[in-house]
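Each chain, letter by letter, is given below.
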Amino acid sequence: MSQSTTRALRPRCQAPAAHGPLLDRVPAAPAIQGPDGYTPRDTAPSRARRDITLCLHTWGLDHLVDDARLIVSELVTNAIRHTRTGRIGVSVTRHPDRVRIVVTDTSRTTPAPPNPDPDAEAGRGLQLIDQLSTGWGSERLTTGKRVWAELATSEAPS
């Protein structure tokens, strides 16, 4: 059985999907999204930031909030700007050593980091995600794609 707990952000709380010595100590987290996800509007990134913050606070992972908020904001904004998706899904999964943030949409086009002009004001979101995360990637699905990024749960030594 997998040693992870997935939470779809938003109104309801669920118990961890699996049990074991580590997960018995992991509190249930609020769901990140409703079953239909977010609509692709200007408010979706701020709602995703709010919801992921709540989830990470619930897990006691406050030190990941700033990076996770930036990552989910960039991924949701990319789904709004670069696809014609009707719904954007967001989830966060807690593993023993990391948290995985996933954004899904209905476009099958996978993201590719651009090489923006040095004076450009946009086009650096995936570069930021690459610098903040321990890894990121994307996978095509039959219904669109999944873009993910991971953050280590251990705090860096001061």
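What you see is a predicted model, and the numbers here were worked out from it, not measured in a lab.

**Q** Any chance you could explain the overall build of the protein chain here in plain terms?
**A** A count of helical and extended segments in the protein chain gives three helices and seven strands. Each helix and strand of the protein chain, placed in order from N terminus to C terminus, yields the pattern β-β-β-α-α-β-β-α-β-β. The buried share among the 158 residues of the protein chain stands at 44%. Of the contacts formed within the protein chain by residues at least 6 apart in sequence, a portion of 57% connects residues at least 24 apart.

**Q** I'm lost on the pairing of strand β5 (residues 98-105) in this one. Help?
**A** A regular strand carries its side chains on alternate faces of the sheet. The sheet contact formed by strand β4 (residues 89-94) and β5 spans six bridges and is antiparallel. By the bridge assignment for β5, V92 is matched with I101.

**Q** How should the packing of aromatic side chains be read in this particular structure?
**A** Any aromatic ring pair is given by two values, namely how distant the centres are and how the planes are angled relative to each other. Under the defined criterion, the tally for this structure stands at zero aromatic pairs. Seen from the ring of W148, R100 lies directly overhead, with NZ or CZ sitting 3.9 Å from the centre.

**Q** What am I meant to see in the confidence of the model for the protein chain here?
**A** Interpreting fine coordinate detail is not advised for predicted regions of low pLDDT. With 66% of its residues at a pLDDT of 70 or more, the protein chain shows a mean pLDDT of 76. Low pLDDT (under 50) marks residues 6-31, which in the prediction has 77 contacts with non-local residues, meaning those over four places away or in another chain.

**Q** Please clarify how the nonpolar core should be interpreted in this entry.
**A** A general feature of soluble globular proteins is that nonpolar side chains tend to end up buried together. Of all hydrophobic cores here, the largest spans 27 residues; its most connected members are L56, V72, V76, V90 and I101. Mapped by element, the contributors of at least two residues to this core are α1 (44-58), α2 (65-82), β4, β5, α3 (125-132) and β7 (144-152). Ranked by residues supplied to this core, first place goes to α2 with seven residues. Beyond its immediate sequence surroundings of up to four residues, I101 is in contact with I52, A68, I71, V72, S91, V92, V147, W148, A149 and L151.

**Q** I would appreciate a short explanation of the environment of T104 in the present structure.
**A** Topologically, T104 is positioned in strand β5. The sequence separation of T104 and L75 amounts to 29 residues, and the corresponding C-alpha distance is 9.1 Å. Apart from the residues lying within four places of it in its own chain, the contact partners of T104 are R87, I88, G89, L141, K145 and R146.

**Q** What exactly am I supposed to notice about the pattern of salt bridges here?
**A** A side chain with one charge may pair with a side chain of the opposite charge, provided their charged atoms come close. Here the structure, examined in full by the defined rule, presents six salt bridges. Across the pair E150 and R100 runs a salt bridge, and its minimum N-O distance is 2.8 Å. With a gap of 50 residues between them, E150 in strand β7 and R100 in strand β5 connect regions that are remote in the sequence. E150 sits in the buried class, given a relative accessible area of 11%. Using a relative accessible area of 21% as the deciding quantity, one classes R100 as partly exposed.

**Q** Looking at this model, I keep getting lost on the pairing of strand β6 (residues 135-141). Mind explaining?
**A** Judged from the seven bridges that link them, β6 and β7 form a sheet pairing that is antiparallel. Its bridge partner being in β7, G137 is matched across the sheet by W148. Joining the antiparallel neighbours β6 and β7 is a turn of two residues.

Cut-offs applied
- Residues numbered from 1 in each chain as written.
- Predicted model: local features only at pLDDT ≥ 70, side-chain atom pairs only at ≥ 80, totals over all residues.
- Heavy atoms only, no water.
- Helix = DSSP H or I, 4+ residues; strand = E, 2+ residues; numbered from the N terminus.
- Buried < 20%, exposed > 50% of the residue type's maximum accessible area, 1.4 Å probe, protein only.
- Contact = heavy atoms within 4.5 Å.
- Pairing = 2+ DSSP bridges.
- Phe/Tyr/Trp six-rings, centres within 6.5 Å; stacked < 30°, edge-to-face > 60°.
- Lys NZ or Arg CZ within 6 Å of the ring centre and 35° of its normal.
- pLDDT = per-residue confidence, 0-100.
- Core = buried A, V, L, I, M, F, W, Y, C linked by side-chain atoms within 4.5 Å.
- Salt bridge = Lys/Arg side-chain N within 4 Å of Asp/Glu carboxyl O.

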